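Each chain, written out:
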Amino acid sequence: GKGGYDHYMLKEIHEQPHAIRQCLSGRVDELHGRVELEELDGLSTPKRVQFIACGTSYHAGLYAAHLFREMGVPAQTFIASEYATSPPPVGEDELVVAITQSGETADTLSALREAKARGAETLALTNVVGSSVTRECDHTMYIRAGPEIGVAASKTFTSQLVAVNLLVEAMNGNDAGVLTGLRDLAGDLQSVLDRVNVRSAAAQLAAADRCFFVGRGLNHPVALEGALKFKEITYVHAEGFPAGELKHGSLALVTEDTPVVAVLTGDDEETRKTIGNIKEVESRDAPVIAVTDGRVEVASFVDECIQIPETHPHVAPLLANVVLQLIAYRSANLLGRSIDKPRNLAKSVTVE
Ligand code: M6R
């Protein structure tokens, strides 16, 4: 059942601290500060990586490729249904990772077969034990989120990102800062669930005809995911952009009636550039809702500032994402939508 929650989605949002602990369980050797993944026995650090996925899992793939490139491994992410239209070369020591919650998505399985035909070594990142993808890949890593009933992916996205971090740390020599961030993540996420108030942000977005989500770097996939979640369950047009891209055309749509949700974590050049982008939309009178870890002060010039705990920059986007989940959920609830079963959608898409 829904365990006292109005919807499975809300229950699943609240299950995230538990899902994170499950994903980490037995995989981090705290004493030696090392990630140990039995799943990867026989798999060495790849020379190059390709991720193939759809929807929310595609956003996890964008996040994953960013982390691999940061560790010096060339990595690309493909929308599975496009992969075979122009298949990329598969080199020696190339790893192809299929990210799929259900393990049954036809587009992803079909792209995977294309990669296998080209000789790729393959890894499945999935939630469902024994699903089709696990039978077709050389290696499987489970995200261990537990069953997800809501059609909109929530806890499984968070668990995908945790699993990706484990993969990167196992291959990249275990950064103490990331491991600390992961260790604290369940607690930090719980504090977001307990303390963050999205009521007025949700009311503002639910009242709009369209809204935008922007973020840079690791917050770009979070912005895309925030928009997908929002449109999927509210039926309000939402679009996610890399923060710097809005000005290359879509800024023409921005008015005082177009709320913009900006995700800002970390304290670096990227965050400062995103602030510049926020100022551009503000000068068109768009209301701006910032989701921030507070490392850079934004509260003084945005309409609303939603604060998340400070943590490692690889991990902060996971906390920001939870705020966007809550905003989407609250907005959809205000609009009286069918949150667990949005119109026209199915949990597992088994046709191409
Ligand atoms: O099971 P998969 O991860 O392969 O599913 C991929 C997409 O169909 C899925 O993530 C979809 O985008 C979600 N409904 C989004 O909430």
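Figured I'd write up the structure that's included with this text. (Residues numbered from 1 in each chain as written. Predicted model: local features only at pLDDT ≥ 70, side-chain atom pairs only at ≥ 80, totals over all residues. Heavy atoms only, no water.)

Observations regarding the overall build of the protein
For the protein, the count of helices and strands is twelve helices and twelve strands. For 352 residues, the compact-globule estimate of 2.2 N^0.38 gives 20 Å, and the C-alpha radius of gyration of the protein, at 19 Å, lies within 12% of that figure. The buried share of the protein, reckoned over its 352 residues, is 58%. Across the protein, contacts joining residues at least 24 apart in sequence account for 74% of those joining residues at least 6 apart. Surface exposure of the protein reaches about 14,100 Å², of which carbon and sulfur atoms provide 46%. Of the charged side chains in the protein, 32 are positive and 47 negative, and the gap between their average positions amounts to 3 Å. (Helix = DSSP H or I, 4+ residues; strand = E, 2+ residues; numbered from the N terminus. Rg over C-alpha atoms; globule rule 2.2 N^0.38 Å. Buried < 20%, exposed > 50% of the residue type's maximum accessible area, 1.4 Å probe, protein only. Contact = heavy atoms within 4.5 Å. Areas by Shrake-Rupley, 256 points an atom, 1.4 Å probe, with all protein chains shown as cover. Lys, Arg positive; Asp, Glu negative; His and termini not counted. Charge placed at Lys NZ, Arg CZ, Asp CG, Glu CD.)

Observations regarding the packing of helix H2 (residues 16-24) against helix H7 (residues 155-172)
Describing two packed helices takes the angle between their axes plus the distance from one axis to the other. The interhelical angle for the contact between H2 and H7, taken along N-to-C directions, is 30°, at an axis separation of 9 Å. For the element pair H2 / H7, the angle class is roughly parallel. Where H2 crosses over H7, the handedness of that crossing is right-handed. Facing H2, whose interface residues are Gln16, Ala19, Ile20, Cys23 and Leu24, H7 presents Lys155, Thr158, Ser159, Val162, Ala163 and Leu166. Its residues placed into classes, the contact of H2 with H7 shows seven nonpolar, three polar and one charged. (Axes fitted to C-alpha atoms, helices over the stretch in contact; angles between N-to-C directions. Parallel < 35°, antiparallel > 145°, perpendicular 65-115°, else oblique. Left-handed = near helix turned anticlockwise from the far one by under 90°. Nonpolar A, V, L, I, M, F, W, Y, C, P; charged D, E, K, R; others polar.)

Regarding the site of the ligand
Around the ligand lies a shell of 14 residues, among which Ser57, Thr100, Ser102, Thr105 and Glu232 are the nearest. Contacts to the ligand include Ser102, whose side-chain N or O atom sits 2.7 Å from an oxygen atom. Contacts to the ligand include Ala153, whose backbone N or O atom sits 2.9 Å from an oxygen atom. Look at the ligand: alone it shows 420 Å² of surface, and the protein chains cover 90% of it. Of the residues in the shell around the ligand, the class split is five nonpolar, seven polar and two charged. (Near = heavy atom within 4 Å. Polar contact = N/O pair within 3.5 Å; in protein donor to acceptor, adjacent residues only side chain to side chain.)

Observations concerning the packing of H7 against helix H12 (residues 316-334)
Packing of H7 against H12 brings their axes to within 11 Å, and their N-to-C directions diverge by 175°. The orientation of H7 relative to H12 falls into the category roughly antiparallel. Within the contact between the two elements, H7 uses Lys155, Phe157, Thr158, Leu161, Val162 and Asn165 and H12 uses Leu318, Asn321 and Gln325.

Considering the pattern of salt bridges
Evaluation of the coordinates by the stated rule reveals 17 salt bridges. With a closest N to O distance of 3.6 Å, Arg295 and Asp293 form a salt bridge. On the basis of relative accessible area, Arg295 is assigned to the partly exposed category, the value being 33%. Shared partners join several salt bridges into a network, and the residues in it are Lys11, Glu15 and Lys155. (Salt bridge = Lys/Arg side-chain N within 4 Å of Asp/Glu carboxyl O.)

Here we look at the packing of aromatic side chains
Under the criterion given, the structure shown has four aromatic pairs. On the numbers, 5.3 Å between centres and 90° between planes, the contact of Phe78 with Tyr83 is edge-to-face. Ring geometry for Phe212 versus Phe241: centroids 5.3 Å apart, planes at 85°, classification edge-to-face. Here Phe212, found in strand S8 (residues 210-215), pairs with Phe241, found in strand S9 (residues 237-242); they are 29 residues apart in sequence, far enough to count as distant. The exposure classification of Phe212 matches that of Phe241, with both residues buried. Sitting over the face of the ring of Phe301, Lys279 holds its NZ or CZ atom 4.3 Å from the ring centroid. The ring of Tyr235 has Arg343 sitting right over it, with the charged end atom 3.9 Å from the ring centre. (Phe/Tyr/Trp six-rings, centres within 6.5 Å; stacked < 30°, edge-to-face > 60°. Lys NZ or Arg CZ within 6 Å of the ring centre and 35° of its normal.)

Any functional reading would require information beyond the geometric quantities listed.
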